[in-house]
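# Observations on chain architecture
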Amino acid sequence: MEVPRRLPPSSFTLTLPKPAASAPASFVPEKDPEEEENLREEDEAGEETFISTEEAEPGASVVERSNSNLSSRDSFSEESGGPMSEERLAPEADEETGRKCEEEERAAAKERAAQRQLMAIEELVQSERNYLRLLQLSTVTIRGNLLKLQPPLLNLNSMFLHVDEVMDASSRLLSLLDQKRVRPGDPLFLQTLCESFLSLSSDIEAAYKEYLANYNHITVVENSYKQREGLWNEIVRVIKASAPEVNATSLTFFLVMPVQRIARYPLLLQTIQKHTDPAHPAYALLEHTAHTSIALNCGINEYKRFREVADKYKKTETLTIKDKINRLNSHSIAKKTARLSQQIKHETGITPKLVDEEFDALQDFFYVLEHGILELLENVETYLHHLQGFLACRTEEFDLDMDGEKAPICYKEITTALRQWILPTFEKRMRTLIHRPLCALRDLLVGPRNLIRKRLDKLLDYELIEAKSNLSYEEHAVANTYRTINTLLLNELPQFNGVALQMIWSMLGTFSCLHRDLASDMEQLFQSFAQQLPHSSLSPGAFWEWAESMALEGARRLETLCRSVEDTLNAPVVQPLSPSSQRRLKQLMDKHGSGKIWQAAAAVVSSRDLDLNLAKGELVAVISEMDTRGDRRRWLVDAGGRRGYAPSSKLIRYHQPAEDPPPSPHLTLPDGVTGIRRHSYSPESRPLTSQPCFQVMAAYDFAARGSHEVSLRAGERVRVLEPHDKRGNPEWSLVEARGGQRGYVPSNYLTLMPLGVGVGPPGSYLPH
Amino acid sequence: SNWLPFLVWFQFSNSHMFINDVFTSCGQWLEDQTKKLHKDMKKSTEADLAMSKAAVKISADLLSNPLCEQDQAFLDSMNALDTAMKRMDSFNQEKVNQIQKTVIDPLKKYSGVFPSLNMAVKRREQALQDYKRLQSKVEKYEEKEKTGPVMVKLHQAREELRPVRDDFEAKNKQLLDEMPKFYHSRIDYFQPSFEALIRAQVVYFTEMYKIFNDLTDQIDQAGLTDEQRERETEAKLSELRALSIVADD
């Protein structure tokens, strides 16, 4: 459930997820029968959509509701009309037709989607502004102050080599938006945004490409500063003094931002896309822009790899791998396989009349090679199959409505990057550089394989005629065929074997390189999150200890919750006794004592001889907890003179309200709890309202459309008078807004904030 | 959908109505989300493990093929690859174990709470129905002419109503207390899981980088770009295709 990040995630806002597609049906008072019926159906429809998740998300669920709820609700709403009707405003008396209600609902839903889209757009723009501001702060103010340090810092300016281009791209993007003089609320804004982004995309790619390819250098320099504690403390002091409002403790705090920013564009754009109607004129453009942002990331990563390769060419004194591979020429292969062939011959006991050791060696090598290639291909395909299985799991989509928390957001960003471009690039390279050539190689095996078999056939023929001195014309032909094939294979198989082996060897080197690049891409991504997560500074051992203990603690709390829910809610109702029941109670207690009194939880119908019939709630005394045959499910009871058997499953212990109840045999006690809470109910029991710990406010602007509604501005605090309308529909709520005006507003326009937490401006969300 | 606002409002007001739908629908949403996330996490880790095992098989099968013995340098490369794959697989296994303990198991436990909560909601609804039934009974007698027998019946009905109402309101309050806390508790409950997910991956990919950086230095020093690799491969394939034995006559 995607929530627009309008409010800063550090305050825990429980914002509402996307509201239901249909706006709540307007409340209608008396209606004539058929309209009533229409509306009732619609109410149901309205209810259905209200409680189902509205978009076709994988998580959409529809709750089954019994119709009895609806009818009981209606009757109830009439009953409880009493105390609150004075406070209610008279709803309008206009009678709307079902059709008009539906239209209104659709319009309201569209309005809400538009607001969410607006927020997502503003988030992109505001965060861009913030990002640029912080970069400028670091480049100008902080760098300026650091330059003044004595003795001067080595290599300081080298850390800022490429940040100017990045800042330039960002400021150009923002100025394009400002120039057009459209505001985010303007329908044209989205188009402007996409066009600006697309027009700058090649410049963005060029700027970020260089920046990211050189980012390692920045961390190297900073680490060199960290080696000297005094120097580093000084640097941190300057940073803090230059930017007191920012909680930064290193230079990379700022300089890592471009790394993260470029990876965030896809997510930001996709969020906007999510809340945009496909019929929107700029939708196709937006989709294209989102794809472009992913392509940008792919291109930037590819360039980074390219530069690494170019920079890292190693010269070793010993033979390089490439040379070693090239040494695998035909001659050396033939020689080395001689031993192999002897082994195989020995094992199979084949001694053809004409033994050609050299050929056999080549042939055996070929078969071994063939087997190796086929097996490798199969293994690679299995690997790719599982890779696709992994890519199919979109775990980042479920955030349990924790959009405001840092860890889920980081997880979402990491997983989005991994799943949407880092792993796909890896897969693509695997297929291009390994799978495809391997398939081609496998296809080439056919020729030599068939030829070898043909040779063997011809050999058998040849053996028959070889000894003869006078060969007929046909026999000559047969002999020549054999000799030709044999010679051909002898000449070319070594080369085939050698080249094929070289290819396999190179492919494995590529395989290793692909893994390294994948890991390197992920490492770069992680760098931007390193400082944001609260426990990232813990050592591995400490971290896992913490995580596991939290899991245990969480499990404990859940257990406590379960138990408390079960205890309280399963407690039976203690009814006051009717006079006849009171007499029965006294009678039984006098005879059997108070410890043996049980009550029938449900009516008991006798099914056997000597069984009793009991009414629900009837009191009995238990004489024996089993019958004469030892069956513990049948208890002998005294029902005030009548004696007989009753099923123990239907009996519960009876306690006088005033007594302390003994612990139930069915529930296990948690540690430290001495008794179970079973309540004695009295009219003066605890008050029903508890201390509120949340305040309610408007999450979105709402414009009143009539005198019975009240307008709200987003962020305004309201007091809820009634969380439903006159018909009991919870989709509208009666609120009192600032200024004392009262009226109805859509319930899902309201949200909760913990008391005492302020609200920040949009766009103040930053990854730190 | 988020039902907390309603719950809080019910705390402010005395209205007890309609919570059932709110509870069931919103509890349902959280339950569904939790279950789906659990399922997807499981599938994802299974695929992850399978991938890693497949990678190990690639190098292990090659190493056991007699091809390797043909050239010492080739054999050395294969050994290095095999070692690297096995190490990566063991790190992967460790990563999955950590995720199992700190993410998947907690998800499962969280799902396990819903049957109790759903039952509690049902019980509350039952109590509400009892309450309403007795309430209407009381009101029925209140509307009648105040004769002696009627007054007696009215008194009895009121006596009957009282504990049932109290029971309902206690159950109601309990749910109103616990449900928002439960819903809100998911943040504290799952925060460590998300952090653990990230950390486990950071560790894994850091190790993966070290392993494969070293291995690549050893068996792929040429450091070609993708285009260069493709060209080389194509050149070799062409060389093979040029052989007469390859063209199937």
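Residues numbered from 1 in each chain as written. Chains lettered and ligands numbered in written order. Predicted model: local features only at pLDDT ≥ 70, side-chain atom pairs only at ≥ 80, totals over all residues. Heavy atoms only, no water.

## Considerations on the overall build of chain B
Along chain B, the regular secondary structure elements total six helices and zero strands. Here chain B holds 249 residues, and the buried ones make up 61% of them. Sequence separation of at least 24 residues holds for 79% of the intrachain contacts in chain B that already meet a minimum separation of 6. (Helix = DSSP H or I, 4+ residues; strand = E, 2+ residues; numbered from the N terminus. Buried < 20%, exposed > 50% of the residue type's maximum accessible area, 1.4 Å probe, protein only. Contact = heavy atoms within 4.5 Å.)

## Quick word on the overall build of chain A
For chain A, the helix and strand inventory stands at 21 helices and 10 strands. Evaluated residue by residue, chain A yields a buried proportion of 52% over its 768 residues. For chain A, contacts bridging at least 24 residues in sequence account for 70% of all contacts bridging at least 6. Carbon and sulfur atoms provide 52% of the accessible area of chain A, an area that totals close to 36500 Å². (Areas by Shrake-Rupley, 256 points an atom, 1.4 Å probe, with all protein chains shown as cover.)

## Let's talk about the side chain of Arg419(A)
All names here are of chain A. With respect to the element layout, Arg-419 can be found in helix 17 (residues 406–444). Only 2.8 Å separates the side chain of Arg-419 from the backbone oxygen of Leu-391, close enough to count as a polar contact. If sequence neighbours within four positions are ignored, Arg-419 has contacts with Leu-391, Cys-393, Arg-394, Glu-396 and Pro-424. (Polar contact = N/O pair within 3.5 Å; in protein donor to acceptor, adjacent residues only side chain to side chain.)

## A few points about the sheet that holds strand 3 (residues 634–639) of chain A
Residues and elements named next belong to chain A. Taken in spatial order, the five strands make up an open sheet running 4-3-2-1-5, and their pairing is antiparallel. On the outer flanks of this sheet lie strand 4 (642–647) and strand 5 (651–653), each paired with one strand and no other. Sheet twist, expressed as the average angle between the axes of neighbouring strands with direction ignored, equals 45°. Bridge analysis of strand 1 (residues 597–600) against strand 5 gives three bridges, and the strand direction is antiparallel. Its bridge partner being in strand 5, Ala-600 is matched across the sheet by Leu-651. (Pairing = 2+ DSSP bridges. Axes fitted to C-alpha atoms, helices over the stretch in contact; angles between N-to-C directions.)

## Considerations on the packing of aromatic side chains
Residues and elements named next belong to chain B. All chains considered together, the criterion is met by 21 aromatic pairs over all chains. One aromatic cluster is present, built from ring pairs that chain together Tyr-110, Phe-114, Phe-182, Tyr-189 and Phe-190. Above the plane of the ring of Tyr-204 lies Lys-95, whose end atom (NZ or CZ) is 4.0 Å from the centre. The positively charged end of Lys-140 is found above the aromatic ring belonging to Tyr-141, 5.1 Å away from the centroid. (Phe/Tyr/Trp six-rings, centres within 6.5 Å; stacked < 30°, edge-to-face > 60°. Lys NZ or Arg CZ within 6 Å of the ring centre and 35° of its normal.)

## Things to note about the pairing of strand 2 (residues 619–624) of chain A
All names here are of chain A. The pairing of strand 1 with strand 2 spans three bridges and is classified as antiparallel. Bridge assignment links Trp-598 to a residue of strand 2, and that residue is Val-620. Where strand 2 and strand 3 come together, three bridges link them in antiparallel fashion. Note that in strand 3 the partner of Ser-624 across the bridge is Leu-636.

## Some details on the sheet that holds strand 8 (residues 732–736) of chain A
Residue and element names in this part refer to chain A. Spatially, the three strands line up as an open sheet ordered 7-8-9, and their pairing is antiparallel. Sheet topology places strand 7 (719–722) and strand 9 (742–746) at the edges, where each strand pairs with a single neighbour. Taking each pair of neighbouring strands and ignoring which way they run, the sheet shows an average axis angle of 45°. Alignment of strand 8 against strand 9, held across five bridges, turns out to be antiparallel. Of the residues in strand 9, the one forming a bridge with Trp-732 is Pro-746.

## Describing the nonpolar core
With 125 residues, the main nonpolar core has Leu369(A), Tyr383(A), Met430(A), Phe496(A), Phe182(B) and Phe205(B) as its most contacted residues. With residues up to four places along the chain from it excluded, the contact list for Met430(A) reads Val380(A), Tyr383(A), Leu384(A), His435(A), Phe511(A) and Leu514(A). Leu135(A), Ala169(A), Val236(A) and Val238(A) belong to the second-largest nonpolar core, a separate cluster that totals 65 residues. (Core = buried A, V, L, I, M, F, W, Y, C linked by side-chain atoms within 4.5 Å.)

## Considerations on helix 9 (residues 229–242) of chain A
Residues and elements named next belong to chain A. If you check helix 9, its first and last C-alpha atoms are 20 Å apart, about what 14 residues at 1.5 Å a residue would give, namely 20 Å. Among all positions of helix 9, only Leu-231, Trp-232, Ile-235, Val-236, Val-238, Ile-239 and Ser-242 are buried. The buried residues of helix 9 occupy an angular sector of 160° when the element is viewed end-on, so they sit on one face. Residues Glu-229, Gly-230 and Ala-241 are exposed on helix 9 and point more than 90 degrees away from its buried face. (Expected span 1.5 Å × (residues − 1). Arc of directions from axis to C-beta.)

## Remarks on unusual backbone geometry
Residues and elements named next belong to chain A. Of note, the amide linkage connecting Gln-150 to Pro-151 takes the cis form, showing an omega dihedral of -5°. As for its position among the elements, Pro-151 is in the loop between helix 4 (98–147) and helix 5 (156–159). The backbone phi angle of Asn-155 is positive, close to 65°, even though this residue is not glycine. In this structure, Asn-155 sits in the loop between helix 4 and helix 5. Residues other than glycine seldom take positive phi values, yet Leu-610 does so here, at roughly 70°. When its relative accessible area of 63% is taken as the criterion, Leu-610 is described as exposed.

## Looking at the confidence of the model for chain B
Interpretation of the predicted coordinates at a detailed level should be avoided for regions scoring low in pLDDT. Residue and element names in this part refer to chain B. Mean pLDDT over chain B: 84, with 89% of residues reaching 70 or higher. Mean pLDDT values over the elements of chain B span from 45, in helix 1 (residues 4–12), up to 93, in helix 3 (residues 72–112). In this model, residues 1–17 is a region of pLDDT below 50 whose contacts with residues beyond four sequence positions or in other chains number 68 contacts. Here the complex is predicted with pTM 0.66, and the ipTM for its interfaces comes to 0.87. (pLDDT = per-residue confidence, 0-100.)

## Re helix 5 (residues 148–219) of chain B
Helical geometry: 3.6 residues make up each α-helical turn, so side chains three or four residues apart lie on a common side. Compared with an ideal rise of 1.5 Å per residue, which puts 72 residues at 106 Å, helix 5 of chain B spans 104 Å between its outermost C-alpha atoms and is within 8% of the ideal. By the largest-angle criterion, Phe190(B) marks the main kink of helix 5 of chain B, which is about 35°, and a proline, Pro192(B), follows within four residues. (Bend = angle between axes of the 7 residues up to and from the residue.)

## A short note on the packing of helix 16 (residues 357–391) of chain A against helix 19 (residues 473–527) of chain A
Residues and elements named next belong to chain A. Two numbers describe how helix 16 lies on helix 19: the axes approach to 10 Å, and their chain directions differ by 30°. In terms of axis orientation, helix 16 runs roughly parallel to helix 19. Where helix 16 crosses over helix 19, the handedness of that crossing is left-handed. Within the contact between the two elements, helix 16 uses Glu-358, Phe-359, Leu-362, Gln-363, Phe-365, Phe-366, Leu-369, Ile-373, Leu-376 and Tyr-383 and helix 19 uses Asn-486, Leu-489, Leu-490, Leu-493, Pro-494, Phe-496, Asn-497, Ala-500, Leu-501, Ile-504, Phe-511 and His-515. (Parallel < 35°, antiparallel > 145°, perpendicular 65-115°, else oblique. Left-handed = near helix turned anticlockwise from the far one by under 90°.)

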